[in-house]
Amino acid sequence: MRGVDRMNGVLPDELILEIFRRLDSKASRDACSVVCKRWLSLERLSRDTIRIGASASPDNLVELLGRLFPNVLYVFVDERISVTLPVQCGKRRRTGRRALSKGKWDEGSDQSLFGDDGTGTISLSDSGLAAVGKSFVKLEKLSLIWCSSITDIGLKSFAEKCRSLRSLDLQGCYIGDEGLAAVGECCNFLEDLNLRFCEGLTDRGLIQLALGCGKTLKVLGVAACAKITDVSLEAVGSHCRSLESLSLDSEFIHDKGLLDVAKRCSALKVLKLQCLNITDEALQAVGIYCSSLEVLALYSFQKFTDRSLYAIGRGCKKLKNLTLSDCYFLSNKGLDSIAVGCSELMHIEVNGCHSIGTDGLKSVGKFCARLSELALLYCQRIESDALSEIGKGCKFLQALHLVDCSGIGDDSICSIAKGCKNLRKLHIRRCYEVGNKGLIAIGQNCKFLTDLTLRFCDRIGDEALISIGQGCSLHHLNVSGCHQIGDAGIIAIARGSPQLSSLDVSVLQNLGDNAMMELSEGCPLLKDVVISHCRQITDMGLSYLSSKCTLLESCHMVYCSGVTEAGVATLVATCTRLKKVLVEKWKVSSRTKRRAGSIISYLCVDL
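Residues numbered from 1 in each chain as written. Predicted model: local features only at pLDDT ≥ 70, side-chain atom pairs only at ≥ 80, totals over all residues. Heavy atoms only, no water.

This paragraph deals with the overall build of the protein chain. Helix and strand counts for the protein chain stand at 23 helices and 21 strands. Taking 2.2 N^0.38 as the reference for a compact globule, 607 residues should give roughly 25 Å; the C-alpha atoms of the protein chain span a radius of gyration of 28 Å, in line with that estimate. Along the longest, intermediate and shortest principal axes, the C-alpha atoms of the protein chain span 70 × 65 × 55 Å. Here the protein chain holds 607 residues, and 53% of them are scored as buried. As displayed, the protein chain has an accessible area near 27,000 Å², and 50% of this comes from carbon and sulfur atoms. (Helix = DSSP H or I, 4+ residues; strand = E, 2+ residues; numbered from the N terminus. Rg over C-alpha atoms; globule rule 2.2 N^0.38 Å. Buried < 20%, exposed > 50% of the residue type's maximum accessible area, 1.4 Å probe, protein only. Areas by Shrake-Rupley, 256 points an atom, 1.4 Å probe, with all protein chains shown as cover.)

Negative phi is the rule for most residues except glycine; trans is the rule for most peptide bonds. Residues other than glycine seldom take positive phi values, yet Trp146 does so here, at roughly 55 degrees. Its place among the elements puts Trp146 in the loop between strand 3 (141–145) and helix 6 (152–161). Phi is positive for Val507, which is not a glycine, with a value near 65 degrees. With respect to the helices and strands, Val507 occurs in the loop between strand 17 (502–504) and helix 20 (513–522). Residue Val507 is classed as partly exposed on the basis of its relative accessible area, which comes to 30%.

This part covers the UniProt feature "domain: F-box" (unreviewed entry) in the protein chain. UniProt annotation of "domain: F-box" (unreviewed entry) refers to residues 11–52 when read in the numbering used here. When the span residues 11–52 is considered, its composition is 64% helix and 10% strand, and the gap between its end C-alpha atoms is 33 Å. (UniProt positions renumbered as here; feature names shortened; annotations may be inferred.)

Glancing now at the side chain of Asp260. Relative to the elements of secondary structure, Asp260 occurs in helix 10 (residues 255–264). In contact with Asp260, other than residues within four places in its own chain, are Leu233, Glu234, Gly237 and Ser238. (Contact = heavy atoms within 4.5 Å.)

With respect to the helices, strands and loops of the structure, Lys585 is situated in the loop between strand 20 (580–583) and helix 23 (590–596). Assessed through its relative accessible area of 33%, Lys585 is described here as partly exposed.

On to the environment of Ser355, then. Structurally, the position occupied by Ser355 is in the loop between strand 11 (347–351) and helix 14 (358–367). Since its relative accessible area comes to 26%, Ser355 is described here as partly exposed. Considering only alpha carbons, one finds Ser355 and Val563, 208 residues apart in sequence, at a separation of 48 Å. Those residues in contact with Ser355, other than ones at most four positions away along the chain, are Tyr328, Leu330, Ser331, Asn332 and Arg381. Only 3.5 Å separates the side chain of Ser355 from the backbone oxygen of Tyr328, close enough to count as a polar contact. (Polar contact = N/O pair within 3.5 Å; in protein donor to acceptor, adjacent residues only side chain to side chain.)

Spelled out as structure tokens, the structure:
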């Protein structure tokens, strides 16, 4: 009955709070908060995350957020993120100026709090960081991304107040040794620390942190810190015996530091390295001592060989995820050693390792039966029959990525289609030997496929997409640059994939309005559409699309000669959920700009 509250009189605060905590949608939480004052108050108590971007007077904003959301556990500040300014807060000024563009205020969109003069800084300062510690006394996780004004003073003040901190991300902050030492002294429960691009740090700061947090630290990331050397890693190895994840990107780390970590941190599960001066000696130690290793990623290595992979294969039997990128001295023998020794492997990525070819992939197919994702990027020595063993042996494969693999053709794709019937994601880019035959086999056999990308594959045409449309129900499709695809192929997809949410058909010269009409009828859930460089799509096609696809959030349509100012205006007026439109500037009328200027982006200023 209207005017009768059947919920607030029955449900206790504790139950409503628990319901709010279980809502994973920000929109749902916002909707609940406007039901009544009681729900607004309880919803604020249930919020555990605050996100702040580059905003004016962030120090004042932190204090306000602290008063409104007292139970926050995670504060995320990223000054790379620019935000749309909301209606001006603070002292009201009677001026004739138009109010700032509207913006919702919550933990996911950052607000600018101006002073009385309407101005403010756009960087969190030391006093603001101190306010974070004072306002969020229960804080467990803090991320400060590229906060350039933070110094040791602010970090020390924060650390003294937030002694329950468990995770700290200081990426791009120019803090020094004293601030990090204060964290080590005060935050004795710290488990996760990211020091990427903290150029002011030296060995002294990291050693002090290891002394203070050594018993609890489990995750450590260091990148582009020129003054952090092997001395720091020796301290980490000595004091951080519970370390489970280590990520290093440095030209100044050598074998000695990693050897110490490998020998003493037996619980290590994740190791990601981009260190030019590490050799076989250190990686062989990883294979000998780190038997719990599950994730190994090696980038741009030029001083280690297959001997390292032999040791990994013999010792790391629990390895599940392997990435080899630009490792020029690895060959098929090394990959064979990993495949034979690490039968639990589920994810393999080989990127730009030019000595790895067909034989290495055949070993993976024979011995890695649990493989669920395979990525082959810029692998020129892999031949057409390389995936035959993958198709025979890897029945659980769900994702396959192929980029610039010129030797892979239809036979390989047919092998995957017939053997890997659980395939859900297939991404192929610039593999010019792949044509209709392989994709027809995918459509006939891989009924669970939902994500298909075929970029600049010249031999793929409508026949392939018709088979996909008849056999699979896609959620994501990208056929950018496949110039043989036209209306018939996209129509087949529209009729067979009612759940389609993202579509990229850019640079398809034979695609026209008929395909747009079918998409509007068959794919009402479309959110992201790219039709750039499609010269046969006109205002009529846009009208079809906007009339039925009311959930549309983004549309890229540059260099569509058939689309005019009227078509853009129709799209913007009809699709009320649009967040981004990419179009030429001259196609946007002054009225359209007034209506939706904040969501329109321009590829070129003038054409």
